[in-house]
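# Reading the structure
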Amino acid sequence: MDFRSVIAMLEQQKKVVHVKSEVNPVHELAGIASKFEGQEKVVLFEKVKGQKYPVACGLWWNRDIVGSLFGITAGEVPGFFAAAGKRFQENPAPPVIVDDPPCQEEVTLAPNLYELTVPTLALEDGGAYFSNCIVIAKDPDTGVRNTSIHRMMISGENRIAMLMDVGRHLRSYYERAEAKGMPLEITINNGVDPAVYVCATYPGTGIDEDELGVAAALNGGEPVRLSRSKTVAVEGLADAEVVIEGRMLPAIREPEGPFGEVSGFYAQKDDRWVVEVTAVTNRKQPLMSTLLPGKEVWNSVGCTAEAAILAAVSKMVGGVKNVHLSHGNCGFFGCVVQMEPTRPGMGKNAILAAFAAFPPMSMVTVVNSDVNIFDAEDVMRAITTRCNVAEDMVVIRHAACHELNPATDYGVGTKFGFDCTVKPGQEERNKKVAFLDVDLSQYEIE
Ligand SMILES: Cc1cc2nc3c(=O)[nH]c(=O)nc-3n(C[C@H](O)[C@H](O)[C@H](O)COP(=O)(O)O)c2cc1C
Ligand SMILES: [Mn+2]
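Bear in mind the structure is a predicted one, so any value in this text is a computation, not a measurement. (Residues numbered from 1 in each chain as written. Chains lettered and ligands numbered in written order. Predicted model: local features only at pLDDT ≥ 70, side-chain atom pairs only at ≥ 80, totals over all residues.)

Along the backbone of the protein chain there are 11 helices and 23 strands. Rg of the C-alpha trace for the protein chain: 23 Å, near the compact-globule value of 22 Å for 446 residues, within the 12% margin. Taking the principal axes of its C-alpha atoms as reference, the protein chain extends roughly 70 × 60 × 45 Å. Residues classed as buried in the protein chain amount to 52% of the 446 residues present. (Helix = DSSP H or I, 4+ residues; strand = E, 2+ residues; numbered from the N terminus. Rg over C-alpha atoms; globule rule 2.2 N^0.38 Å. Buried ≥ 20, exposed ≤ 12 C-beta atoms within 10 Å, placed from the backbone.)

Structural data, given as structure tokens:
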């Protein structure tokens, strides 16, 4: 479903808040959005000062909305994503290139990025940021397409400074192009099908795989539609609201940041990679998309990570009931695995398998089925009462975690896990207290 259809669907479900007053894209827009963060509504800014288009925020900040994007409940999301990942591995449906794509209804060959609706979010951010655009590039050696999301700061009318973390496929493409003194052509796609957004963050897809096939799998096998670009040899998303074409310049770094990040802390300003924009194409009257780097990212990375962990730990260890990446762990620095160990010691193996399935994590907590993994209090109680730390904690030093976690040395840190599963013979002592479940309406109570 294209982005405008998604918003129209949510509109019908009365899940869109319209901000009709004109708002300033610098701080004010995000200030308003933050008051709605996490609620079961997205916020649509109709008039943004000095900028051309309306913009919607918050598509992923509430898991009930996320479920409704795919016609399922919030709880079904990880399993649904995992099943799509499996279908992609078994039978990938490659994207197709279409003629007269909607994303090229209007073409601007000398664009001014400042006219697009791109907010400056947190108070100390270094500029206006594209926070949720889908970057498509092609491997300079194999031609395989990659899809990923990167924060991008507007640094001039046709210039962007962006971030690529260590290990990203896009970074590998860029470094190989740069070594030959060549730019890397990309398209930057805004306002996209949620299935494409999912495939852009799907963990575990290899550098030799076109992950747009994951979006097809999520859409019942229907291939993703691509457009031939006007100025670069890499495709855009045919149904995107806006497509920015450009090239990442070799041997050039320019300041990017600070940026209020998903960790809840500011990422510092530094010299980073640069995109020179060669064209902007868009649908008529595009509806742009933005996000706040908080709950929305915790859910979007969290749901795909849950899918990957659920699949991997089930396969390698067994006995798994559910997985949750909670907001208390910044969405993806830690997870809780709910399981019934098939034999002694499997709680610890689940910790190792979860780390293998999703490397950015620092912490894994494993609990039995009687613990509500969506309730941080219940999980904390399991740690305090069922984890004899000297025996049941796993510590892995100097491991690769996530660069944005300040507890690490720019990504290298300690991974730790709590095995809170009840040990054999200890079941009686761990039986949860319960009371009779009565129906209060049957009583006369004042
Ligand atoms: C909203 C959002 C913003 C992101 N920003 C960045 C970023 O600035 N830099 C980065 O390297 N990864 C970022 N990521 C993560 C990557 O997009 C993600 O890990 C992706 O799967 C990497 O693709 P790859 O496996 O093809 O390299 C972001 C993810 C989301 C959901
Ligand atoms: Mn990839």
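Having seen the structure, we can now continue with the description.
Here the focus is the sheet that holds strand β20 (residues 334-339). Strand order in the open sheet made by the 5 strands is β19-β20-β21-β23-β22, with mixed pairing throughout. For this open sheet the edge positions go to β19 (320-324) and β22 (393-400), each flanked by a neighbour on one side alone. Sheet twist, expressed as the mean angle between neighbouring strand axes with direction ignored, is 15 degrees. Pairing of β19 with β20 involves 4 bridges; the strand directions are antiparallel. Within the sheet, the bridge partner assigned to V323 lies in β20 and is V337. (Pairing = 2+ DSSP bridges. Axes fitted to C-alpha atoms, helices over the stretch in contact; angles between N-to-C directions.)

Let us look at the domain arrangement of the protein chain. Domain annotation of the protein chain identifies domain 1 (3-295) and domain 2 (317-422). Averaged C-alpha coordinates put domain 1 and domain 2 at centres separated by 30 Å. Facing 11 residues of domain 1, the contacting portion of domain 2 comprises 10 residues. (Domains from an automatic or database assignment. Contact = placed C-beta atoms within 7 Å.)

For ligand 1, the set of nearby residues contains 17 residues, the closest of which are S148, I149, R151, D165 and H169. Listing elements by their share of the shell around ligand 1, those giving two or more residues are β8 (145-149), α5 (169-179), α6 (194-201) and α8 (295-316). For the shell around ligand 1, the class distribution of residues is 7 nonpolar, 7 polar and 3 charged. (Near = placed C-beta within 6 Å. Nonpolar A, V, L, I, M, F, W, Y, C, P; charged D, E, K, R; others polar.)

Next up on the list: α6. Buried residues dominate α6, accounting for 8 of its 8 residues. Listing the buried residues of α6 in full gives P194, A195, V196, Y197, V198, C199, A200 and T201.

Further remarks concern the packing of α6 against α8. α8 packs onto α6 with a crossing angle of 70 degrees between their chain directions and a minimal axis gap of 9 Å. Taken as axis vectors, α6 and α8 run roughly perpendicular relative to one another. The two elements α6 and α8 meet at a crossing, and its hand is right-handed. Across the interface between the two elements, Y197, V198 and T201 of α6 pack against S300, V301 and T304 of α8. (Parallel < 35°, antiparallel > 145°, perpendicular 65-115°, else oblique. Left-handed = near helix turned anticlockwise from the far one by under 90°.)

Of all the 5 residues making up strand β21 (residues 363-367), 5 are buried; the element is thus mostly covered by neighbouring parts of the structure. Here β21 shows no split at all, with M363, T365 and V367 on one side and V364 and V366 on the other all buried. The pairing of β20 with β21 spans 5 bridges and is parallel. Of the residues in β21, the one forming a bridge with V336 is T365. In terms of handedness, the path from β20 via helix α9 (residues 346-357) over to β21 forms a crossover that is right-handed. Inspection of the sheet shows β21 paired to strand β23 (residues 412-419) by 4 bridges, in the parallel sense. Its bridge partner lying in β23, T365 is registered against F418. (Right-handed = clockwise from strand over helix to strand, strands pointing away.)

Along the chain, the position of R386 falls in helix α10 (residues 376-386). Overall, the presence of 22 C-beta atoms within 10 Å leaves R386 in the buried class. Residues R386 and N368, 18 residues apart in the sequence, show an inter-C-alpha distance of 10.0 Å. With sequence-adjacent residues up to four places away left out, R386 is seen in contact with C420, V422 and N430.

On to the packing of helix α4 (residues 77-90) against α8. Two elements in contact, α4 and α8, have axes whose closest approach is 8 Å; the angle formed by their N-to-C orientations is 70 degrees. In this view, α4 runs roughly perpendicular relative to α8, as classed from their interaxial angle. Of the two possible hands of crossing, α4 and α8 adopt the one that is right-handed. Counting all contacts with α4, which are made through V77, P78, G79, F81, A82 and G85, the residues of α8 involved are C303, T304, E306, A307, L310 and A311. Residue composition of the contact of α4 with α8, grouped by class: 8 nonpolar, 3 polar and 1 charged.

This part is about the environment of A399. Residue position: A399 is located in strand β22. On the neighbour-count criterion, A399 (17 C-beta atoms within 10 Å) is partly exposed. With residues up to four places along the chain from it excluded, the contact list for A399 reads G413, T414 and K415.

Right, let's talk about the pairing of β20 for a bit. Extensive coverage of β20 is indicated by the burial of 6 of its 6 residues. Burial along β20 is two-sided: G334, V336 and Q338 facing one way and C335, V337 and M339 facing the other are all buried.

This paragraph deals with the nonpolar core. Ranked by size, the top nonpolar core spans 139 residues in total, and within it I309, V313, V337 and A354 carry the most contacts. With 12 residues, the single largest contributor to this core is α8. (Core = buried A, V, L, I, M, F, W, Y, C linked by C-beta atoms within 7 Å.)

Counted at 1.5 Å a residue, the expected span for α8 with its 22 residues is 32 Å, and the 30 Å between its end C-alpha atoms agrees. With respect to burial, α8 is a largely interior element, 19 of its 22 residues being buried. (Expected span 1.5 Å × (residues − 1).)

This brings us to the sheet that holds strand β13 (residues 236-237). The strand order across the open sheet formed by 3 strands is β4-β12-β13, and the pairing between neighbours is mixed. The strands lining the two open edges of the sheet, one partner per strand, are β4 (96-98) and β13. Across 3 bridges, β4 lies against strand β12 (residues 225-227) in parallel orientation. Counted as the bridge partner of V98 is S227 from β12.

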